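Observations on the three-dimensional arrangement
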Amino acid sequence: MTSAQQLLRSQRDLLLTWTRDHPAPLLRWLRDADVLSSTHYLSLLERSPSNAVVQALETVCATEESSQKFLQVLREVQDYYCKDLQAWVERHCRNDAPTKPEPAPVKVEDKKHKSPIAKLFKGKSKAFNINTDVKAQENVKLSRSIKLANIRAPISAHKTTLLKRTEQLKCYSEGEAVASNSASHIEIHYTDLFVTEDNDFVDSSQHEYFDLASRRARIYVHQACQRIRPGHLLDPQGASGRPPKRVKVKGIAGIGKSVAVQRLVYEWAIGKNMREFTCIFDLRFRELNMIEAPLSLLDLLEERFRYLKTVLPDLLKFPSSLLFILDGLDEFKFPLEWDTPDKDISVDSKVPVSELIVALIKGSLLPEASVILTTRPSTEAPKRFFQRCCVVLGFEEDQVKEYTSKFYKDSRVAEKVYDYILSNDNLFVLSFIPLYCYIICTAMAEFFSSGNQDKDDSKSLELNPPRTVSEVYFCYLFTAVKHHALKGSAERSTPRAEVLSLAKQQLTNLGKLAYETLLKKKIMFDRTDLKKYGVKPADIQSTFLCHILQPLKEETVEMFSFFHLTVQEHLAALYCAINLFHQEDIIQALDFWCFGVRPTSSTAPLLQNPNLHTDKLESLQMFTRFFMGMLRARLGGQLDGMVLSPVQEADGIPAKLGLWFQDQFKGRDLENQAALNLLHCLMEFHTKEATSIAAPEIKKLNLFKMKLSVVDCAAMHYVLQFSPHKLQELNLGYSNIGNRGLHRLGPILHRCESLYLRYNCLDRQAAILESAVLKSNECQVKKLFMCGNNLGPEGVLELWNALEHNTTVEELYLDITGITERGTENIVNCLSRNTSLKTLTIVGNDIGEAGRRRLKELEQRRPGLRIIANFVDDLGLLQAYLDWVEEIRADRDQMDSVRNADALESVLKGLQVAGGIGRGENAEKAKELQTKIVELLKSPADLTGGRRP
């Protein structure tokens, strides 16, 4: 009998003809069968389809073993190819084909039951048993449904269609003109996301980016989060071991929800995941927006998946074998009535599309089917209808590195860009969002890729890589315009002013569209909207607009959106920066955008009758930061070509703006978020004159419970460094700044009279930094609150040493900081020499008998020092902790914000260590505190971050 190797060599041309148009399934299965290495597999995906198959066949034919594996794979993937190939498999892959010695048994893991629809199907025709372990291999396959001819062909067509639609990712490499296959195949470019369980808490008062940054800060530091890969969203969970039927996946714009869903569909279509489902229906809400008339689910699916029309009735008879993916609920224009009584709806019932979607999600329609819904956090989809709720948190640091290495073909460029991102707090914090990462990488290519220097442009951006967020986005925009200017009117070497001049009208039109729709919180546009603003859809593919606007084309709809919400915000800011000429107009604009004070006397068209509800001001925070950055670019001549000579316009504007910021800090009772936004605006403006005027008016800065990123700390440092005097109070309690954030604030900490750093994820390194502050000759700190940080014994030893010669600190609070007996070794020697400290609180620490003896000795040596080592010693302290426990009861966000299970346990232990509480008011308060903590620790898991006491 002819060997498998000889067979393939003789039939290679035929196999090439049948598979070269769509090699993806064949190549992927060959990789998973270890016929192709991962490196070889990815290199083949970079080649043309025909060349990839040629190279794969050469590898396969090299040995008899690989040839046999190839025939096995061909059996698995035959449905993706033509009937001639299927007939070839039927003819050549027979049971009497060559065999090889029986291998060791295959271990079967995670075997799933076949779907009910499999009962319809009979076995395939005779299979080629290339070796005796094929039966074992079949047992490993996850519920493989072998279909009747009337089901098999349409499902195969469906999978092939999905593969072709999902195997390419939009990605641009190193600033080149178009997406290339070598960089855009999903197997090459996709980087996994951090997805975890969600508590469904949404802070609607914040821009969604800032809320996500807060959530990440809490989760990364305090919770051991379980990563959920997209393909495992429907895995069994909990004690029941049953897979969830309804899953909600939420995340902000650009975080990767749709790409994750794309990856999931691709994995199913290629036969590598979720094989328990006979069919997956992926529906996008932006397409559903076009459905005005009532229709049934059957009508909808027949229209959307026409090649499945004949088999849909059979498929719908077995809903447990079906998965519906509903992508982008936030884009749905119809209202959803979640609280109306369920109607008796069947797959044939004609109802409005909004009712159809609600019925499918709630389970009143096809309750046995599985549903995955994606949405942004701002869109309501009640948690009670879902068995699993997840949140997409974007990339972790390792994934940023992976993404960067995949983005650039040149590994040296990738390394330089990644190092620059790590060294720049602004970029580092942005980079956890995949689409921001793309924007950063696109912009950075101009500075780190060889051959991109413009020698003839004296003001070339390439000389100075971006530092602020505004600069990153402007570099992205300029890169897009420069390399894809108006229908080829500009070359790569064209000076910037000329490039911007050529694109001025287009950018102005885009900016006006972006600004006016931003005020309305509108993110989706049709052709009529574009025409109104002079934007031609035909130009989107042929000019730089392909980097700015994204066409959303489906079978029945065509809509457009900006590439990302922040791109819309940036273009809106650019439009405003080039169209506000006078100082008063700029001031009135800031009053309006930041505080809702409507313009009264401005003649600027963009400020006349602006359509904005003042309850939506939070959504303009990123926009105002961009505006300040673009205003600086205009005043600095960076927008030459779009505006007149900047010299005359710049007169007096920085000083006027400095006075405006001064007035806000001086005259307004600023909310936390508003104060932080003003600091960011000053940092984006990055003008010493303006900041020097504003900073001295900041006497107190209270950002209590604001979850702050490193960039937030950078903004505080940037502004406060220009203040010549001490800061009366800096309250960063419960802000999760971590060591990195504290390090960013280091140069200004010595000027803070009252410094609140409670529950900030700080450890020994933070204690070392704070010790250096206390040792400084310029130290002005009088009150230092370090409660709830894991300083440990080594950290507090550093603090005691620093306090030995410090003459400013009067109050030091070290509750629940991990101090042990060792942490008190030098406390007597150091603090007995200190002359300023009046109050030391050290409760909630297990200092042991030796520690307590040392504290008594210290009290004798320093009679003026009040030491509170037990909760029962101080009535005010007990009341403060009672108030804290009540806050935790009422505030789920705080429950996630700190290690409350640990902290509460520490307080409880401290109360128990105190022993016989005795009588009196202190004793009653202590008992009350003890009781409430015990009750809180017994509360449901979602109130204690999933911890059990």
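Residues numbered from 1 in each chain as written. Predicted model: local features only at pLDDT ≥ 70, side-chain atom pairs only at ≥ 80, totals over all residues. Heavy atoms only, no water.

Details of the overall build of the chain
Convention followed: Put simply, DSSP marks the helices as runs of H or I at least four residues long and the strands as runs of E at least two long, and each gets a number from the N terminus on. Accessibility here uses a 1.4 Å probe with only protein chains present; expressed as a share of the type maximum, an area under 20% marks a residue as buried, one over 50% as exposed, and anything in between as partly exposed. Residue contacts follow a heavy-atom distance rule, with two residues in contact if any of their heavy atoms lie within 4.5 Å. Here the accessible surface of atoms and residues is derived via Shrake-Rupley with a 1.4 Å probe, and residues count as covered only by protein chains that are part of the display.
Across its full length, the chain carries 41 helices and 15 strands. Per-residue burial for the chain yields a buried fraction of 59% across its 949 residues. By sequence separation, contacts in the chain at least 24 residues apart represent 77% of the contacts at least 6 residues apart. Accessible surface, the chain as shown: approximately 39,200 Å² in total, 48% of it carbon and sulfur.

Quick word on the pattern of salt bridges
Let me state the cut-off plainly: Take a side-chain nitrogen of Lys or Arg and a carboxyl oxygen of Asp or Glu: if they are within 4 Å of each other, that pair is a salt bridge.
Under the criterion given, the structure shown has 38 salt bridges. Note that Glu584 is salt-bridged to Lys656, the shortest N-O span being 3.4 Å. Of this pair, Glu584 sits in helix 26 (residues 583-595) while Lys656 sits in helix 29 (residues 653-667), placing them 72 residues apart in sequence. What makes Glu584 partly exposed here is its relative accessible area of 44%.

Looking at the sheet that holds strand 11 (residues 752-756)
Counted only if it meets this: Between any two strands, at least two bridges found by DSSP are needed for them to pair. Note on geometry: axes are lines fitted to C-alpha atoms, helical ones only across the stretch in contact, with angles between N-to-C directions running from 0 to 180 degrees.
Pairing is parallel in the open sheet, where seven strands are placed in the order 9-10-11-12-13-14-15. Strands at the two margins of the open sheet, each flanked by one partner only, are strand 9 (700-702) and strand 15 (866-868). Taking the axes of each pair of neighbouring strands and ignoring which way they run, one obtains an average angle of 10 degrees across the sheet. In terms of strand pairing, strand 9 meets strand 10 (residues 727-731) through three bridges, oriented parallel. Bridge pairing in strand 10 links Lys700 to Glu729.

Observations regarding the packing of helix 22 (residues 469-483) against helix 25 (residues 565-579)
This is how it is decided: Angle categories are assigned with fixed cut-offs, so that under 35 degrees is roughly parallel, over 145 is roughly antiparallel, 65 to 115 is roughly perpendicular, and the rest are oblique. When residues are sorted by character, Ala, Val, Leu, Ile, Met, Phe, Trp, Tyr, Cys and Pro go into the nonpolar class, Asp, Glu, Lys and Arg into the charged class, and all the rest, Gly among them, into the polar class.
Closest axis-to-axis distance for the helix 22/helix 25 pair is 11 Å, and the angle between their directions is 90 degrees. Overall, the two elements helix 22 and helix 25 adopt an arrangement that is roughly perpendicular. Each of Ser470, Tyr473, Phe474 and Leu477 in helix 22 lies in contact with helix 25, whose residues at this interface are Thr566, Val567, His570, Leu571 and Leu574. Considering only residue class, the contact of helix 22 with helix 25 consists of six nonpolar, three polar and no charged.

Here we look at unusual backbone geometry
Glycine aside, negative phi is the norm for most residues, and most peptide bonds take the trans geometry. Despite not being glycine, Asn736 shows a phi value in the positive range, around 60 degrees. Relative to the elements of secondary structure, Asn736 occurs in the loop between strand 10 and helix 33 (738-749). Under the relative-accessibility criterion, Asn736 is labelled buried at 5%. A positive phi angle, near 50 degrees, is found at Ile816, a position not held by glycine. Here Ile816 lies in the loop between strand 13 (811-813) and helix 36 (827-833). Exposure remark for Ile816: the relative accessible area of 9% places this residue in the buried category.

Remarks on the sheet that holds strand 3 (residues 279-284)
If you walk across this open sheet you meet the six strands as 1-6-2-5-4-3, and the pairing is mixed. Looking at strand neighbours, the two that pair on one side only are strand 1 (195-197) and strand 3, the edges of this open sheet. For this sheet, the mean inter-axis angle between neighbouring strands, taken without regard to orientation, is 20 degrees. Here strand 3 pairs with strand 4 (residues 322-327) via six bridges, running parallel. Note on strand 4: the bridge partner recorded for Phe281 is Phe324. In the packing of helix 13 (residues 257-269) onto the sheet, the strands contacted are strand 2 (246-250), strand 3, strand 4, strand 5 (370-375) and strand 6 (388-392), and the crossing angle to strand 4 comes to about 155 degrees.

Considering the side chain of His185
The cut-off we apply is this: Here a polar contact is recorded for every N or O atom pair within 3.5 Å, except that within protein the pair must consist of a potential hydrogen donor and a potential acceptor, and residues adjacent in sequence are included only if both atoms are side-chain atoms.
Inspection of the secondary structure puts His185 in the loop between helix 10 (181-184) and helix 11 (186-189). Among the polar contacts listed, one links the side chain of His185 to the backbone nitrogen of Glu187, at a separation of 3.0 Å. Those residues within four positions of His185 in sequence are excluded, and the remaining contacts are Leu45, Glu167, Gln168 and Tyr266.

Observations regarding the nonpolar core
We count it as follows: Here, the term nonpolar core denotes a set of buried Ala, Val, Leu, Ile, Met, Phe, Trp, Tyr and Cys residues that are joined through side-chain atoms within 4.5 Å.
Trp593, Phe627 and Trp800 are the most contacted members of the largest nonpolar core, which has 232 residues in total. Here this core takes twelve residues from helix 21 (residues 434-448), the largest share from any one element. Setting aside chain neighbours within four positions, we find Trp593 in contact with Tyr515, Cys576, Leu580, Leu606, Leu617, Leu620, Phe623, Thr624 and Phe627. If you look at the next biggest cluster of nonpolar residues, it comprises 45 residues, including Leu336, Leu356, Leu365 and Ala369.

Quick look at the confidence of the model for the chain
The test is simple: Residue-level confidence of the predictor is summarised by pLDDT, bounded by 0 at the bottom and 100 at the top.
In this model, the chain carries an average pLDDT of 80, and 81% of its residues clear a pLDDT of 70 or more. Across the chain, the secondary-structure element scoring lowest on mean pLDDT is helix 8 (residues 134-140), at 37, and the one scoring highest is strand 12 (residues 783-785), at 97. Low pLDDT, under 50, characterises residues 171-183; the predicted model gives this stretch 34 contacts beyond four residues in sequence or across chains.

Let's talk about the packing of helix 2 (residues 12-19) against helix 7 (residues 83-92)
Any two packed helices are characterised by the angle at which their axes cross and by the distance between the axes. Running from N to C, helix 2 and helix 7 point in directions that differ by 140 degrees, and their axes come no closer than 9 Å. On the basis of the axis angle, helix 2 is oblique to helix 7. Residues Leu15, Trp18 and Thr19 of helix 2 form the contact with helix 7, whose participating residues are Asp84, Leu85 and Trp88. When grouped by side-chain class, the residues that make up the contact of helix 2 with helix 7 number four nonpolar, one polar and one charged.

Describing the pairing of strand 6
Taken across its five residues, strand 6 has five buried, putting it largely inside the fold. Residues of strand 6 alternate between two faces, with Arg388, Cys390 and Val392 on one and Cys389 and Val391 on the opposite face, all of them buried. With three bridges joining them, strand 1 and strand 6 adopt antiparallel strand pairing. Its bridge partner lying in strand 6, Val195 is registered against Val392. As paired strands, strand 2 and strand 6 are joined by four bridges and run parallel to one another. Within strand 6, the residue paired with Lys248 across the bridge is Cys389.

Regarding the packing of aromatic side chains
Condition: Centres within 6.5 Å make a pair out of two Phe, Tyr or Trp rings, where for Trp the six-membered ring is used; the pair is then stacked when the planes are under 30 degrees apart, edge-to-face when over 60, and tilted otherwise.
Applying the stated rule across the entire model yields 29 aromatic pairs. With 5.4 Å between their ring centres and 50 degrees between their planes, Phe281 and Phe305 make a pair best called tilted. One end of the pair, Phe281, is in strand 3; the other, Phe305, is in the loop between helix 15 (297-304) and helix 16 (312-316), and 24 residues separate them in sequence. Judged by relative accessible area, which is 0%, Phe281 ranks as buried.

Focus: the pairing of strand 5
By the criterion of burial, strand 5 is predominantly enclosed, with six of the six residues buried. On strand 5, burial covers both faces: Ser370, Ile372 and Thr374 on one face and Val371, Leu373 and Thr375 on the other are all buried. Sheet topology note: the strand 2/strand 5 ladder contains five bridges and is parallel. Within strand 5, the position partnered with Val249 by the bridge is Thr374. Of the strand pairs in this sheet, strand 4 and strand 5 are connected by five bridges, and their pairing is parallel.

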